[in-house]
Amino acid sequence: MKSKEQAENTDIFSPLLQKYSIADSDILFRARCDMKNAEEYTKALLLLCKSEIVYIDEGGQLRRTRLCDIQKIYTESFVSSGRIIVQTIDGESCFAFFGAEYAKEIDRFVAAADGYISSKNEKLPKDVRYADSAEANVGRKKLFLRVLSYVPKYKASLAAMIAIIVFSTIINIVTPYISGTVLYDQVLTKGGKYYGKIWGVAAFLVSISALTVFLGIVQGRIGADMSGRVIYDIKTEIFSAMQNLGMSFFSSKKTGNLLNRVNSDALDIQYFLNDGLPNFIINALTIASIGLVLFIKNPILSVTVLIPVPVMALIIKKASRNFKKLKWHTWRRSSAMNSIINDTL
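What comes next is a walk through the structure. Note that the structure is a prediction, hence the values are computed from the model and not measured.

## Here's the deal with helix α4 (residues 155-187)
At step 1: At Ile178, α4 is bent by approximately 35°, the largest bend along its length.
At step 2: For α4, the full list of buried residues reads Ser157, Met161, Ile164, Ile165, Ser168, Thr169, Ile171, Ile178, Val182, Leu183 and Val187.

## So, the nonpolar core
At step 1: Of all hydrophobic cores here, the largest spans 21 residues; its most connected members are Leu46, Ile53, Ile73, Ile84, Phe95, Ile106 and Phe109.
At step 2: Going through the elements one at a time, β1 (27-35), β2 (41-49), β3 (52-57), β6 (81-88), β7 (91-99) and α2 (103-123) are the ones with two or more residues in this core.
At step 3: With five residues, the single largest contributor to this core is α2.
At step 4: Excluding anything up to four places from it in sequence, Ile84 contacts Leu46, Ile73, Tyr74, Thr75, Ser93, Cys94, Phe95, Ala96, Phe98, Ile106, Phe109 and Val110.

## A closer look at the pairing of strand β4 (residues 62-66)
At step 1: Summarising the sheet, β3 and β4 pair through five bridges and their orientation is antiparallel. Bridging from a neighbouring strand, Ile53 pairs with Thr65 of β4.
At step 2: The loop that links β3 with its antiparallel partner β4 comprises four residues; one of these, Gly60, has a positive phi angle of about 95°.

## Overview of the packing of aromatic side chains
At step 1: Tallied over the entire structure, the rule returns one aromatic pair.
At step 2: Measuring from centroid to centroid gives 6.2 Å for Phe29 and Phe109, while their planes differ by 50°, and the two rings are tilted. Placement of Phe29 in strand β1 and of Phe109 in helix α2 is noted, with a sequence separation of 80 residues between them.
At step 3: Classification of Phe29 by relative accessible area gives partly exposed; the value is 26%.
At step 4: Across the ring face of Tyr55, the terminal group of Arg63 is positioned such that the distance to the ring centre comes to 4.1 Å.

## A look at the pattern of salt bridges
At step 1: This model, assessed by the stated rule, comprises seven salt bridges.
At step 2: Close ionic contact of Glu105 with Arg32 constitutes a salt bridge, the shortest N to O distance being 3.0 Å. Of this pair, Glu105 sits in helix α2 while Arg32 sits in strand β1; the two residues are 73 residues apart in sequence, bridging distant segments of the chain.
At step 3: The class of Glu105 is buried, set by a relative accessible area of 14%.
At step 4: Across the pair Glu52 and Arg64 runs a salt bridge whose closest N-O atoms are separated by 3.1 Å. Taken together, the residues span a long stretch of sequence, with Glu52 in strand β3 and Arg64 in strand β4 at a distance of twelve residues.
At step 5: According to the relative accessible area criterion, Arg64 is partly exposed, its value standing at 39%.

## A few points about the side chain of Gln87
At step 1: Structurally, Gln87 is set in strand β6.
At step 2: Contacts of Gln87, omitting those with residues within four sequence positions, involve Asp69, Ile70, Gln71, Lys72 and Glu92.

## Details of the pairing of β1
Across a regular strand the side chains alternate sides, sitting on one face of the sheet and then on the other.
At step 1: Where β1 lies against β2, seven bridges are found, and the strand directions are antiparallel. Each bridged residue has a counterpart across the sheet, and for Met35 the counterpart in β2 is Tyr41.

## Here's the deal with the sheet that holds strand β5 (residues 72-77)
At step 1: Spatially, β5-β6-β7 is the arrangement adopted by the three strands of the open sheet, whose pairing is antiparallel. For this open sheet the edge positions go to β5 and β7, each flanked by a neighbour on one side alone. Taking the axes of each pair of neighbouring strands and ignoring which way they run, one obtains an average angle of 25° across the sheet.
At step 2: In the sheet, β6 pairs with β7 via eight bridges, with the strands oriented antiparallel.

## Focus: a nonpolar patch on the surface
At step 1: Residues Ile162, Val166, Phe167, Ile170, Val174, Leu211 and Phe214 make up a contiguous nonpolar surface patch of roughly 590 Å² in combined accessible area.
At step 2: Those elements that provide at least two residues to the nonpolar patch are α4 and α5 (198-242).
At step 3: Element by element, the count of residues in the nonpolar patch is highest for α4, at five residues.
At step 4: For Ile162, the location among the structural elements is in helix α4.
At step 5: Classification of Ile162 by relative accessible area gives partly exposed; the value is 45%.

Rules used throughout
Residues numbered from 1 in each chain as written. Predicted model: local features only at pLDDT ≥ 70, side-chain atom pairs only at ≥ 80, totals over all residues. Heavy atoms only, no water. Bend = angle between axes of the 7 residues up to and from the residue. Helix = DSSP H or I, 4+ residues; strand = E, 2+ residues; numbered from the N terminus. Buried < 20%, exposed > 50% of the residue type's maximum accessible area, 1.4 Å probe, protein only. Core = buried A, V, L, I, M, F, W, Y, C linked by side-chain atoms within 4.5 Å. Contact = heavy atoms within 4.5 Å. Pairing = 2+ DSSP bridges. Phe/Tyr/Trp six-rings, centres within 6.5 Å; stacked < 30°, edge-to-face > 60°. Lys NZ or Arg CZ within 6 Å of the ring centre and 35° of its normal. Salt bridge = Lys/Arg side-chain N within 4 Å of Asp/Glu carboxyl O. Axes fitted to C-alpha atoms, helices over the stretch in contact; angles between N-to-C directions. Patch = residues over 30% accessible without salt bridge, like charges linked within 9 Å, V, L, I, M, F, W, Y side chains within 5 Å. Areas by Shrake-Rupley, 256 points an atom, 1.4 Å probe, with all protein chains shown as cover.

This is the structure in structure tokens:
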């Protein structure tokens with residue numbers, strides 16, 4: 001049996017739903033809302049439909065956002081009210097406001113929308129999954145290139161890192177050959193070119209290992225210094241830009257979100273420049289070189305070795321989706337914690 005308030009809402013919104021061609025069969029979840037904006041109260045309804053989320057109030061004001069455009073949806077809570085934030089490729093925007101009385105109902109609505117969007121995204125074609133995947137890829141590429149644009153300023157450090165990376169790759173390729181082919185065929189086999197000189201070869205291998213460790217330390221120090229300077233430049237530019245923003249920007253953002261974007265996201269970039277990028281280049285060059293040598297010596301064996309690669313790529317691709325979700329949940333919890341700490345202190 002419907003409550004009196006639900007019956008009143010049905011009477012109020014049924015004509016509006018018909019007016020805007022929203023069929024009951026398309027509605028998956030609905031929630032009540034009591035605010036038109038940050039200051040005005042009204043009766044409103046939030047709808048999770050098969051292809052969009054809808055806000056509609058008793059005055060006929062309508063807001064719609066397609067599910068395929070939504071990357072993230074979440075709530076921000078204040079002392080006596082809150083709001084629903086929707087993030088798309090174009091950025092974050094406030095979708096609806098609500099009073100504390102309806103917080104639990106809104107949380108259920110957002111959870112339902114988030115779950116449905118996640119399950120729907122898994123079934124959507126790749127080119128529709130985030131509205132325009134080309135635009136999303138361009139955004140990521142622009143961000144990546146913009147971060148790299150800070151690096152050429154430190155040409156000496158960059159040149160030293162590249163030289164060490166190339167030299168380390170050569171060592172990684174040569175060492176297996178010496179410890180394998182040379183050791184067994186030339187040192188331990190009678191008649192070999194270096195037969196009996198096992199101590200010399202062992203000393204050489206130990207020296208190579210020590211040199212590899214030393215180069216790793218030097219590369220790490222250079223990378224840490226360069227990435228630290230790059231992050232300093234990025235943070236300086238961010239803080240300078242934030243000083244020119246109006247008070248409306250800061251009043252509409254959580255303190256924790258701002259701190260996370262400046263500190264946590266900057267640290268992620270630093271880790272990428274210091275560890276991720278150099279290791280990726282070294283591993284990519286090593287695999288490509290070893291694969292080339294293996295293909296020249298034994299093409300059939302090289303093709304056999306590459307058989308598991310597609311399976312591994314598929315596993316990594318599926319696992320990366322879970323990692324992204326975990327990363328997002330971690331980021332949100334960190335933002336909430338930072339907000340509590342800063343608001344308390």
